[in-house]
Amino acid sequence: MARSALIFQRLADQLAEFERRGLRRSRLVRQSPQGPRIVVDGQECLAFCSNDYLGLANHPRIVEAAIEAASRIEAASRYGVGEGASHLLSGHSALHERLEAKLAEFMQMPRALLFSTGYQANIGGVTALAGPEDAIFSDALNHASLIDGVRLSRARVVRYPHADLGFLSGALAESSARTKLIVTDGIFSMDGDIAPLPALLDLCERHDAWLLVDDAHAFGVIGPEGRGSPAHFGLRSPRLIYVGTLGKAAGVAGAFVAGAAEVVETVLQRARTYIYTTAAPAMLAAAVETSLQLIREDEWRRERLRKLIATLRRELRGSQSALSSSDTPIQPLVLGENSEAVRASAALRERGILVPAIRPPTVPEGTARLRISLSAAHSEQDILRLAAALREVCQSGVVTQA
Ligand SMILES: *Cc1c(COP(=O)(O)O)cnc(C)c1O
């Protein structure tokens, strides 16, 4: 008993330390669908905290597609809820198969492979393509799932300073690794800037390397028809390995890896996060298929988003609450200290507005921030209300900006 008391004490100390450093995280309990207004603890709030960039998370046609696929009267096209096995056993349905074909066609890439989450897709993609004899070149601000994939691969890692092409070029030239893989977010999740993909692809050509782009925040959001950051730059290359996620702009859940046929087949054969996990429900594949159609057709959602981004930036220009430079729906307001970000978030919450405080280790030490994320489902009025509240919170001395 004395021994077990010690291990409990250690956890309690650790939790108290999180609290003391302003790093303790907590969850809001939402009693509504995701959207621009959500109900939290019985209170309706104006929300800027989801990645539902196109406002599709509660779209009636997508909801209907999921229900239909699960419960259709004709048994031949009814899939129920559970898949009961991994894709490689018997979890892969005709709906999954069809969605993979549609995703590949949409991305104008030879093949696509579905994963249950983006976290798994990144880990699976990276570990399938690079091993101990290889080298991975990873942007310092990459998402945690890429970082974990890199670690699990046991490849040699070069973590290059954010978007530092000179550094990266030198490191690639020096490397004698068998296979070289550059991994980067397309749109960086906590900063909203876009990776310099044309230059990265150029480096790949020169050094015979692969380029894996985690486009979680760009799929559906930028580029023609919402085809993401490579399409935004007009890039196509067999060296490109694309990871798109389906729980953000697409409004559902899941992810896919797309690329050359050999690449995708290798991921299918080797990725443990693909092989050893149950397939996501077929009803979600049906939902994504409908979502994909809306992503393609509803150009007005991306237009609206661009307009809202411009409005927010215009409203806050020159004020104390200066946003980082970003043209995407991710608009960070860096405050510095953890306590400042937490205080600002709380002050907005008191005004009925939800904006999350993002702290280390999600962002580097000393760069705690408010992460404002905009959605096509917001109105111009919503943005004006947010801007007014931000000005008030920053000017009232509730917080002081770094
Ligand atoms: C959200 C996110 C992921 C993980 O995707 P999930 O489908 O939520 O697991 C991967 N990369 C980035 C950059 C993300 O923001």
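Going by the structure above, here's the rest.
The following refers to the structure shown. (Residues numbered from 1 in each chain as written. Predicted model: local features only at pLDDT ≥ 70, side-chain atom pairs only at ≥ 80, totals over all residues. Heavy atoms only, no water.)

**Focus on the overall build of the protein chain**
In step 1: Counting its regular elements, the protein chain contains 15 helices and 13 strands.
In step 2: Over its C-alpha atoms, taken along the principal directions, the protein chain stretches across nearly 60 × 60 × 60 Å.
In step 3: Counting all 402 residues of the protein chain, 53% fall into the buried class.
In step 4: The long-range share in the protein chain, meaning contacts at least 24 apart out of those at least 6 apart in sequence, stands at 70%. (Helix = DSSP H or I, 4+ residues; strand = E, 2+ residues; numbered from the N terminus. Buried < 20%, exposed > 50% of the residue type's maximum accessible area, 1.4 Å probe, protein only. Contact = heavy atoms within 4.5 Å.)

**Details of the packing of aromatic side chains**
In step 1: With the rule as written, the count across this model stands at four aromatic pairs.
In step 2: Pairing F106 with F219 gives two aromatic rings, centres 5.9 Å apart and planes at 90°, and the pair type is edge-to-face. In this pair, F106 sits in helix α4 (residues 94-107) while F219 sits in the loop between β7 (209-214) and α9 (229-232), placing the two residues 113 residues apart along the sequence. Neither residue differs from the other here; F106 and F219 are each classed as buried.
In step 3: Taken together, F106, F219, Y242 and F256 form an aromatic cluster joined through their ring pairs. (Phe/Tyr/Trp six-rings, centres within 6.5 Å; stacked < 30°, edge-to-face > 60°.)

**Considerations on the pattern of salt bridges**
In step 1: Evaluation of the coordinates by the stated rule reveals 25 salt bridges.
In step 2: A salt bridge links D134 to R178, with the shortest nitrogen-to-oxygen separation between them at 3.0 Å. A residue pair is termed long-range when its members are at least 10 positions apart, and D134 in the loop between α5 (118-129) and β4 (135-139) and R178 in the loop between α7 (165-174) and β6 (180-185) qualify at 44 residues.
In step 3: With a relative accessible area of 57%, R178 lands in the exposed category.
In step 4: The partner of R369 in a salt bridge is D191, with the nearest N and O atoms 3.0 Å apart. One end of the pair, R369, is in strand β13 (residues 368-373); the other, D191, is in the loop between β6 and α8 (197-207), with 178 residues separating them in the sequence.
In step 5: Each member of the salt-bridge network shares a partner with another, and the members are E105, E225, R227 and R296. (Salt bridge = Lys/Arg side-chain N within 4 Å of Asp/Glu carboxyl O.)

**Section: the sheet that holds β13**
In step 1: Across the sheet, which stays open at both edges, the three strands sit in the order β10-β13-β12 with antiparallel pairing between neighbours. Where the open sheet ends on each side, the last strands, each with one partner, are β10 (330-336) and β12 (357-358).
In step 2: When β10 meets β13, the two strands line up antiparallel, connected through six bridges. Along β13, the bridge assignment pairs P332 with R371.
In step 3: Along the sheet, helix α14 (residues 338-350) contacts β10, β12 and β13; its crossing angle with β13, the most-contacted strand, is approximately 35°. (Pairing = 2+ DSSP bridges. Axes fitted to C-alpha atoms, helices over the stretch in contact; angles between N-to-C directions.)

**Side note on the pairing of β13**
In step 1: Counting buried residues in β13 gives six out of six residues, a clear majority hidden from the surface.
In step 2: Judged by which residues are buried, β13 turns out to be covered on both faces: A368, L370 and I372 on one side and R369, R371 and S373 on the other are all buried.
In step 3: In terms of strand pairing, β12 meets β13 through two bridges, oriented antiparallel. Bridge pairing links I358 to R369 in β13.

**Here we look at the site of the ligand**
In step 1: With respect to spatial proximity, 14 residues lie near the ligand, and among them G118, Y119, D214, H217 and K248 are the closest.
In step 2: The separation between a nitrogen atom of the ligand and a polar side-chain atom of H143 is 3.3 Å.
In step 3: At 2.5 Å, a side-chain N or O of D214 approaches a nitrogen atom of the ligand.
In step 4: Out of a free accessible area of 380 Å², the ligand has 82% covered by protein chains.
In step 5: Here the shell around the ligand gets three residues from one element, more than from any other, and that element is α5.
In step 6: Per-class residue counts for the shell around the ligand are two nonpolar, nine polar and three charged. (Near = heavy atom within 4 Å. Polar contact = N/O pair within 3.5 Å; in protein donor to acceptor, adjacent residues only side chain to side chain. Areas by Shrake-Rupley, 256 points an atom, 1.4 Å probe, with all protein chains shown as cover. Nonpolar A, V, L, I, M, F, W, Y, C, P; charged D, E, K, R; others polar.)

**Examining the packing of helix α13 (residues 299-316) against helix α15 (residues 380-395)**
In step 1: Direction vectors running N to C along α13 and α15 enclose 25°, while the axes themselves pass 9 Å from each other. On the basis of the axis angle, α13 is roughly parallel to α15. Between α13 and α15 lies a crossing whose hand is right-handed. Between α13 and α15, the contacting residues are K307, L308, T311, L312, R314, E315 and L316 on the first element and E380, I383, L384, L386, A387, L390 and R391 on the second.
In step 2: Looking at side-chain class alone, the contact of α13 with α15 contains eight nonpolar, one polar and five charged residues. (Parallel < 35°, antiparallel > 145°, perpendicular 65-115°, else oblique. Left-handed = near helix turned anticlockwise from the far one by under 90°.)

**Structural notes on the side chain of S375**
In step 1: Note on placement: S375 falls in the loop between β13 and α15.
In step 2: Taking relative accessible area as the criterion, S375 reaches 6% and is therefore assigned buried.
In step 3: Separated by 3.0 Å, the side chain of S375 and the backbone nitrogen of A377 make a polar contact.
In step 4: Not counting the four nearest positions on each side in its chain, S375 is found in contact with D52, Y53, L54, G55, L305 and L308.

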